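# An overview of the molecular structure
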4 protein chains.
Amino acid sequence: MESTHPPAPVSGQAGTAVWNVRVYYEDTDSAGVVYYANYLKFMERARTEWLRGLGFEQDRLATQEGILFAVRSVALDYLRPARFNDSLQVRTSVQRPGRVALVFRQLVLRCGEAERPLCVGRIKVACISAHSYRPHPLPSEILARLTSDR
Amino acid sequence: MESTHPPAPVSGQAGTAVWNVRVYYEDTDSAGVVYYANYLKFMERARTEWLRGLGFEQDRLATQEGILFAVRSVALDYLRPARFNDSLQVRTSVQRPGRVALVFRQLVLRCGEAERPLCVGRIKVACISAHSYRPHPLPSEILARLTSDR
Amino acid sequence: MESTHPPAPVSGQAGTAVWNVRVYYEDTDSAGVVYYANYLKFMERARTEWLRGLGFEQDRLATQEGILFAVRSVALDYLRPARFNDSLQVRTSVQRPGRVALVFRQLVLRCGEAERPLCVGRIKVACISAHSYRPHPLPSEILARLTSDR
Amino acid sequence: MESTHPPAPVSGQAGTAVWNVRVYYEDTDSAGVVYYANYLKFMERARTEWLRGLGFEQDRLATQEGILFAVRSVALDYLRPARFNDSLQVRTSVQRPGRVALVFRQLVLRCGEAERPLCVGRIKVACISAHSYRPHPLPSEILARLTSDR
């Protein structure tokens, strides 16, 4: 498969946040595997928890800073299927923080199979105004945390 | 099974609206059947189209009349499972229109099996203010259409 | 609202399992609240974790015991809305264990608001054969755990 | 935004199938727009209907031919948001039919805004054995239809 983002070694990088996800029936489909769109749910949960781990709550960013995050593009490779009741791990790192957008690299793995990701994603997220929906500079506190965290 | 709302004969009632739904992978789970929460999606699609069929668009009701519909209670009996690629029919009727709430009876059937519903629901929906989220009288035009339609 | 299962006091019952759920964007809708079908997802996650807490994994029950659990009926009252980023708690108790079916009472609350549930449900789940989909007696180990747990 | 697949003119291509999708509450999130994962649902519905339009039902392909389709990779650009109650159109074309995989180009547009897609996707789907989940040659009838259709 021609992949634009081949799986890299995933263990032990600096700046990689880990979030665990359990696969419930709601996540699966009748082919017996996790439905392909649902990896985007897992990845967003992990990005949300990554941001919370840095000290930022998105509901407060919306009401106090007037900003939202909007996904601009996603690219996912599905390498192996996850199944009902699997215990998964989402590994999240910021590849490239910009002034208004962040590019995330996210891996979904089965717990205990750290070298063989199931799904690899590159997600570009832009900061936008909650009012105009136009691009808005990332809050400087977030950028500062991202820079210090690397 | 002790059912609080046993299936009644479903064909040919006055005032019953019919909406077709196809089962895609997104609707199923790894037990090979439609995931139980997704019948509520099918039923909401059917209620939305029923309302549209009466001439009311919910986005305009929100912006122009300042009202939303909020589900207050649901009671569903799951009688037989639907499966991937099934062609389903949702039959919707208003059991009891009130001043601020409507009680719907909705049946989900497989096309061509009209006498044996898969899922039977009773859904209570209230009209609320889009601003205060408090109960709000149903627009008189809707009540008039409901009364004339019966 | 005429409710068939009015909220009872929820704190401190023997035999009540608690599972925490975070509300992500995936759970909400454009009315600004958790979409009504998604409470059924939260409740199923909590039932799954309740069963896991008793020592039973559903994937092993399917492959080794040849059984699945199928929801037969649900009745939910929506009392107050949950919102994006809320930290919720699902409280699960078995009201009535039978030979082939269990009746659950489940409450969804916002953390820190223990006396005011957002959603109250009664969910009837039957044990079925994974092969014939016919009713199947609950494994005696599960019934024993349920009885000893009360 | 650096896009790996910039929007091309979308009207009037030979071999483009069109499928209409209505946006319901289930599809939206509390940011007021269609949740980003749900475009993958819309696109799969459109691919399913494209295949049905060619004369192939996926449930029969699974039981009679022993094959499934598995998504190998997706790349989506989100250009503008869709909203509640929007009437959308998914335009589906096969960019490159291979022996075991198909690469689709899919556009999601708001009806009546044909020149300005909301979301553009490139989806690679492989044919796999329903038993081994290994790659499996596409049925020759499907390849024949794809070739004749272009």
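Residues numbered from 1 in each chain as written. Chains lettered and ligands numbered in written order. Predicted model: local features only at pLDDT ≥ 70, side-chain atom pairs only at ≥ 80, totals over all residues. Heavy atoms only, no water.

## Details of the interface of chain B and chain D
Contact with chain B, which involves 17 residues of that partner, is made by 17 residues of chain D. Between chain B and chain D, the buried area comes to about 1800 Å², and carbon and sulfur atoms account for 44% of it. Of all residues in chain B, Tyr24(B), Tyr25(B) and Glu26(B) bury the most surface against chain D, accounting for 32% of the area lost on that side. Inspection of the chain B/chain D interface yields 2 salt bridges. With its nearest N and O atoms 2.8 Å apart, the salt bridge here joins Glu26(B) to Arg45(D). Here chain B is connected to chain D by 10 residue pairs in polar contact (both at pLDDT 80 or more). Only β1 (17–22), α1 (38–53) and α2 (58–65) of chain B provide two or more residues apiece to the side of chain B that touches chain D. In terms of residue count, α1(B) provides more of the side of chain B that touches chain D than any other element does, 6 residues in total. (Contact = heavy atoms within 4.5 Å. Buried area = accessible area lost by both parts, 1.4 Å probe. Salt bridge = Lys/Arg side-chain N within 4 Å of Asp/Glu carboxyl O. Polar contact = N/O pair within 3.5 Å; in protein donor to acceptor, adjacent residues only side chain to side chain. Helix = DSSP H or I, 4+ residues; strand = E, 2+ residues; numbered from the N terminus.)

## Here we look at the packing of aromatic side chains
Here the structure, examined in full by the defined rule, presents 24 aromatic pairs over all chains. Measuring from centroid to centroid gives 5.2 Å for Tyr35(C) and Tyr36(C), while their planes differ by 90 degrees, and the two rings are edge-to-face. Overall, Tyr36(C) belongs to the buried group, its relative accessible area being 6%. Ring geometry for Tyr36(D) against Tyr78(D): centres 6.1 Å apart, planes inclined by 50 degrees, an arrangement best described as tilted. Here Tyr36(D), found in the loop between β1 (17–22) and α1 (38–53), pairs with Tyr78(D), found in strand β2 (residues 67–78); they are 42 residues apart in sequence, far enough to count as distant. Following the ring pairs from residue to residue traces out a cluster consisting of Tyr35(A), Tyr36(A), Tyr39(A), Phe42(A) and Tyr78(A). When the ring centre of Tyr133(A) is taken as origin, the NZ or CZ atom of Arg83(D), which lies over that ring, is 5.0 Å away. (Phe/Tyr/Trp six-rings, centres within 6.5 Å; stacked < 30°, edge-to-face > 60°. Buried < 20%, exposed > 50% of the residue type's maximum accessible area, 1.4 Å probe, protein only. Lys NZ or Arg CZ within 6 Å of the ring centre and 35° of its normal.)

## Let's talk about unusual backbone geometry
Residue and element names in this part refer to chain A. The phi torsion at Asn85 lies on the positive side, around 75 degrees, for a residue other than glycine. In this structure, Asn85 sits in the loop between β2 (67–78) and β3 (87–97). What makes Asn85 buried here is its relative accessible area of 5%.

## As for the sheet that holds strand β5 (residues 119–129) of chain A
Taken in spatial order, the 10 strands line up as β1(A)-β3(A)-β4(A)-β5(A)-β2(A)-β2(D)-β5(D)-β4(D)-β3(D)-β1(D) in an open sheet, and their pairing is antiparallel. The strands lining the two open edges of the sheet, one partner per strand, are β1 (17–22) of chain A together with β1 of chain D. Sheet twist, expressed as the mean angle between neighbouring strand axes with direction ignored, is 25 degrees. Bridging between β3(A) and strand β4 (residues 101–110) of chain A involves 9 bridges; their strand directions are antiparallel. Each bridged residue has a counterpart across the sheet, and for Arg91(A) the counterpart in β4(A) is Leu107(A). (Pairing = 2+ DSSP bridges. Axes fitted to C-alpha atoms, helices over the stretch in contact; angles between N-to-C directions.)

## With respect to the relation of the copies chain B and chain D
Its rotation angle being 180 degrees, the transformation that places chain B on chain D also includes 0.0 Å of axial translation and leaves an RMSD of 0.0 Å. Here the transformation between the copies is reduced to the relation of a two-fold axis. Scanning chain B for the C-alpha nearest the rotation axis identifies Val21(B), at a separation of 5.8 Å. In this assembly the copies share their binding face: 100% of the residues contributing to the interface of chain B also contribute to that of chain D. (Least-squares fit on C-alpha atoms with pLDDT ≥ 70 in both.)

## Quick word on the side chain of Thr48(D)
Along the polypeptide, Thr48(D) turns up in helix α1. On the basis of relative accessibility, which here comes to 4%, the residue Thr48(D) falls in the buried class.

## Some thoughts on the relation of the copies chain C and chain B
Overlay of chain C on chain B (RMSD 0.0 Å): rotation 180 degrees, translation along the axis 0.0 Å. Counting the interface residues of chain C, we find that 100% of their copies in chain B are interface residues as well, pointing to one common contact surface.

## With respect to the confidence of the model for chain A
A low pLDDT means the predicted coordinates there should not be read in detail. Considering every residue of chain A, the mean pLDDT works out to 89; 89% of them sit at 70 or more. Ignoring residues within four places in sequence, the model shows residues 1–13 of chain A, a span with pLDDT below 50, making 28 contacts including any to other chains. (pLDDT = per-residue confidence, 0-100.)

## Quick notes on the interface of chain C and chain B
With 27 residues of chain C at the interface, the matching set in chain B holds 27 residues. Carbon and sulfur atoms supply 53% of the area buried between chain C and chain B, which totals about 2200 Å² over both sides. Where chain C meets chain B, there are 0 salt bridges. If you list the elements that add at least two residues to the side of chain C that touches chain B, you get α1 (38–53), β2 (67–78) and β5 (119–129) of chain C. Of the residues belonging to the side of chain C that touches chain B, the class tally is 15 nonpolar, 2 polar and 10 charged. Two strands pair when backbone bridges link them, and strand β2 (residues 67–78) of chain B and β2(C) are joined in this way by 5 bridges, in the antiparallel orientation. What sits directly across from Leu76(B), in β2(C), is Val74(C). (Nonpolar A, V, L, I, M, F, W, Y, C, P; charged D, E, K, R; others polar.)

## Let's talk about the environment of Ala101(B)
All names here are of chain B. Here Ala101 lies in strand β4 (residues 101–110). Distance from Ala101 to Val21, taken between C-alpha atoms, is 26 Å for residues 80 residues apart in sequence. Aside from chain neighbours lying at most four places away, what touches Ala101 is Arg96, Lys124, Val125, Ala126 and Leu138.

## Topic: the sheet that holds β1(B)
Pairing in this open sheet of 10 strands is antiparallel, and the strands run β1(B)-β3(B)-β4(B)-β5(B)-β2(B)-β2(C)-β5(C)-β4(C)-β3(C)-β1(C) from one edge to the other. A strand with exactly one partner marks an edge of an open sheet, and here the two such strands are β1 of chain B together with β1 (17–22) of chain C. Across the sheet, the mean angle separating the axes of adjacent strands is 25 degrees when strand polarity is ignored.

## Considering the pairing of strand β4 (residues 101–110) of chain D
Residue and element names in this part refer to chain D. Of all 10 residues in β4, 10 are buried, a share of seventy percent or more. Neither face of β4 is exposed, since Ala101, Val103, Arg105, Leu107 and Leu109 on one face and Leu102, Phe104, Gln106, Val108 and Arg110 on the opposite face are all buried. In this structure, the hairpin formed by strand β3 (residues 87–97) and β4 is closed by a connection of 3 residues. Where β4 meets strand β5 (residues 119–129), 8 bridges bridge the pair, whose relative direction is antiparallel. In the strand pairing of β5, Val103 is matched with Lys124.

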